[in-house]
Amino acid sequence: MSDDMRTSQGQRASRRTRRGLAAAAALLLAGLAAAPVAAAAGERTQQTQQTRRGDLIAVTPVADRDSGQVRSFLSGWDVDADGVRYGLRAYRLTYRTVDPYGELTTATGLLTLPKGGGHRLDLVSDTHGTMVDRDYAPSAGEDFGRVPSYVNAAAGRAVAAPDYLGLGKGPGPHPYMDTASSVTASVDMLRAARTAAERLGRPLTGAVYATGFSQGGQVAMALGKALQAGADRHFRLVALAPVSGPYDLEGQEMPALFDGRVNDTSGVLYISYWLVAQNRLHPLYKDPAEAFRAPYASRVESLLDGSHEQGDVVRGLAPSVKRLLTPAYYERLRHPSGAVLDAMRTADHTCDWKPNVPVRLYAAAGDTDVPLGNTRTCARTLAGQGARVRVVDQGAVDHFGSVLVSAPQVVRFFDGVRR
């Protein structure tokens, strides 16, 4: 469910990356200035009165990397960089989409294009995992969330990575684990990417390879379902490769919060974020004190307003789910019913379809954030619909390790898909 719960490995890698970024800052700015499309893109960064989903509002250059810099970035995260063939340019797109109530709003996302390869590009949709700080979203910060985008773009495909609603530069709070709005934001990001890529001289073929990590793995599965059902006539799904998604809240992820399969720190973050965000959409509680013990009830909603770093959120909350929740609400989540159960089940139907494209599900037995049982359940559900699915178990690596290992493998899987 998270790609922002830093493990000790992730923290070390983050420090290495930030040191590298500090050293390369001047070079990055110089590259942007020299980029042949940057000036034109900057001229197009203007507010317009758009009225349709997916309409492009602004294109803002945010990164320009040669292949060596891409390898250095990936190596800083201990990611296999052997598949890097090209440098890349990345842009923040601002576009129209809809909120959970169907009202027009704006969102942002990252479009990454290879410096080389074919003139017309296939497109990878990469949907990110749990982030509580809007500035960690792919278009806002060059951090862990850009790893899949850079791996895929450096291999020769365009990549559209939505920030989702309320993250990056989008307004309002993030409706965490609201699958429907994550899918609409993702589809509309594809539409905006199509327009932007055309203007930047790298038109898209219409082929979409869908991947995503953690929360984004679940979104990728739902997005694939929507694309196959004809969500947009310009795009056709050609392969699906989610990583470590929480596909089964009711049967796997929520029970794992209480039986020890999810570690305490991650469990506290996830259940707090889920309750606060879902309460805006469903009547889960009238007052935070119904769900959260003191003193956490008075601070949990402000901590999860999108402006706090994850470390600050974790430090401001209890050390375990049992010490975070009131006894009554703890039992209510252990034995869900009513609105709580409805909220879980709303997110639990992303695997109940038959993909007509190659599917590979990546996960890890060592994951204590999103246990492997989620992926096993999804694979069984897909197989029950007649789909052929391969599960790749990365073994003893942790949650973040699962995507660091899987991302280059996903690229090779996509390379091998014939369309």
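Preceding this section is the structure that the text describes.
Residues numbered from 1 in each chain as written. Predicted model: local features only at pLDDT ≥ 70, side-chain atom pairs only at ≥ 80, totals over all residues. Heavy atoms only, no water.

Colleague: Would you take a moment to explain the overall build of the protein for this structure?
Modeller: Along its length, the protein carries 16 helices and nine strands. Counting all 419 residues of the protein, 62% fall into the buried class. Pairs at least 24 residues apart make up 79% of the contacts formed inside the protein by residues separated by at least 6 positions. (Helix = DSSP H or I, 4+ residues; strand = E, 2+ residues; numbered from the N terminus. Buried < 20%, exposed > 50% of the residue type's maximum accessible area, 1.4 Å probe, protein only. Contact = heavy atoms within 4.5 Å.)

Colleague: So what exactly am I meant to see when it comes to the pattern of salt bridges here?
Modeller: Two side chains that carry opposite charge are able to pair once their charged atoms sit near each other. As enumerated under the stated definition, the model contains 14 salt bridges in all. The partner of Arg89 in a salt bridge is Asp64, and the shortest N-O contact between them spans 3.2 Å. Residue Arg89 is found in strand E2 (residues 87-98), and its partner Asp64 is found in strand E1 (residues 56-65); the two are separated by 25 residues along the sequence. Between Arg261 and Asp259 there is a salt bridge; the shortest N-O distance is 3.0 Å. On the accessibility criterion, Arg261 (32% relative accessible area) is partly exposed. Looking at Asp259, the relative accessible area reads 45%, which means it is partly exposed. A single salt-bridge network, built from bridges that share partners, covers Arg53, Asp188, Arg191 and Asp232. (Salt bridge = Lys/Arg side-chain N within 4 Å of Asp/Glu carboxyl O.)

Colleague: Please clarify how the packing of aromatic side chains should be interpreted in this entry.
Modeller: For any pair of aromatic rings, the description consists of the separation of the ring centres together with the inter-plane angle of the planes. Considering all chains together, one arrives at 10 aromatic pairs under this definition. Between the aromatic rings of Trp77 and Phe144, the centroid separation amounts to 5.3 Å while the plane-to-plane angle is 75°, which identifies the pairing as edge-to-face. Remark: Phe144 occurs in the loop between strand E4 (121-127) and helix H4 (147-154) and Trp77 occurs in the loop between helix H3 (67-76) and E2; sequence separation between them is 67 residues. The burial state of Trp77 is the same as that of Phe144; both residues are buried. Judged by centre distance (5.0 Å) and plane angle (85°), the ring pair of Phe258 and Tyr330 falls under edge-to-face. Of this pair, Phe258 sits in helix H7 (residues 249-259) while Tyr330 is found in helix H13 (residues 327-334), placing the two residues 72 residues apart along the sequence. Tyr330 matches Phe258 in its accessibility class, with the two residues each being buried. Ring pairing ties together the aromatic residues Trp77, Phe144, Phe213 and Phe400, which thus form one cluster. Lying over the aromatic face of Tyr209, Arg157 brings its terminal NZ or CZ to 4.7 Å of the ring centre. (Phe/Tyr/Trp six-rings, centres within 6.5 Å; stacked < 30°, edge-to-face > 60°. Lys NZ or Arg CZ within 6 Å of the ring centre and 35° of its normal.)

Colleague: Teacher, can you tell me more about the environment of Arg191 here?
Modeller: Among the secondary structure elements, Arg191 is positioned in helix H5 (residues 179-199). Arg191 sits 138 residues away from Arg53 along the chain, and the two C-alpha atoms are 8.3 Å apart. At 2.6 Å, the side chain of Arg191 and the side chain of Asp232 are in polar contact. (Polar contact = N/O pair within 3.5 Å; in protein donor to acceptor, adjacent residues only side chain to side chain.)

Colleague: Can you walk me through the environment of Arg345 in this structure?
Modeller: Structurally, the position occupied by Arg345 is in helix H14 (residues 338-346). In sequence terms Arg345 and Glu250 are 95 residues apart; their C-alpha atoms lie 6.7 Å from each other.

Colleague: Would you take a moment to explain unusual backbone geometry for this structure?
Modeller: With glycine set apart, most residues show a phi of negative sign, and most peptide bonds adopt trans. Between Ala294 and Pro295 the backbone carries a cis peptide bond, its omega angle lying at 0°. With phi around 75°, Tyr164 is a residue other than glycine that occupies positive phi space. Turning to its location among the elements, Tyr164 is positioned in the loop between strand E5 (158-162) and H5. Since its relative accessible area comes to 0%, Tyr164 is described here as buried. Positive phi outside glycine occurs at Met177, with the angle close to 65°. For Met177, a relative accessible area of 4% gives the class buried.

Colleague: Looking at this model, I keep getting lost on the packing of H4 against helix H16 (residues 399-416). Mind explaining?
Modeller: Each packed pair of helices is defined by two parameters, the angle between the axes and the distance between the axes. Closest axis-to-axis distance for the H4/H16 pair is 10 Å, and the angle between their directions is 30°. By the angle between their axes, H4 is roughly parallel relative to H16. When you trace H4 past H16, the crossing you get is right-handed. Within the contact between the two elements, H4 uses Val147, Pro148, Val151 and Asn152 and H16 uses Val403, Leu404, Ala407, Pro408, Val411 and Phe414. Here the residues of the contact of H4 with H16 are counted per class, giving nine nonpolar, one polar and no charged. (Axes fitted to C-alpha atoms, helices over the stretch in contact; angles between N-to-C directions. Parallel < 35°, antiparallel > 145°, perpendicular 65-115°, else oblique. Left-handed = near helix turned anticlockwise from the far one by under 90°. Nonpolar A, V, L, I, M, F, W, Y, C, P; charged D, E, K, R; others polar.)

Colleague: Looking at this structure, I do not really get the state of the cysteines. What am I missing?
Modeller: Between two cysteines, a covalent bond joining their sulfur atoms is known as a disulfide. Applying the stated rule across the entire model yields one disulfide. Disulfide partner of Cys351: Cys378, at an S-S distance of 2.1 Å. For the disulfide bridge between Cys351 and Cys378, the dihedral angle about the S-S bond is near -100°, and by the sign convention the bridge is left-handed. Placement of Cys351 in the loop between H14 and strand E8 (359-363) and of Cys378 in helix H15 (residues 373-384) is noted, with a sequence separation of 27 residues between them. The class for Cys351 is buried, based on a relative accessible area of 5%. Owing to a relative accessible area of 1%, Cys378 belongs among the buried residues under this scheme. (Disulfide = S-S within 2.5 Å.)

Colleague: Even after reading the chapter, I still don't get the side chain of Thr94, so can you show me in this structure?
Modeller: Of note, Thr94 is situated in strand E2. Exposure remark for Thr94: the relative accessible area of 17% places this residue in the buried category. When sequence neighbours within four positions are dropped, the list of residues in contact with Thr94 reads Asp55, Leu56, Ile57, Ala58, Ala107 and Thr108.

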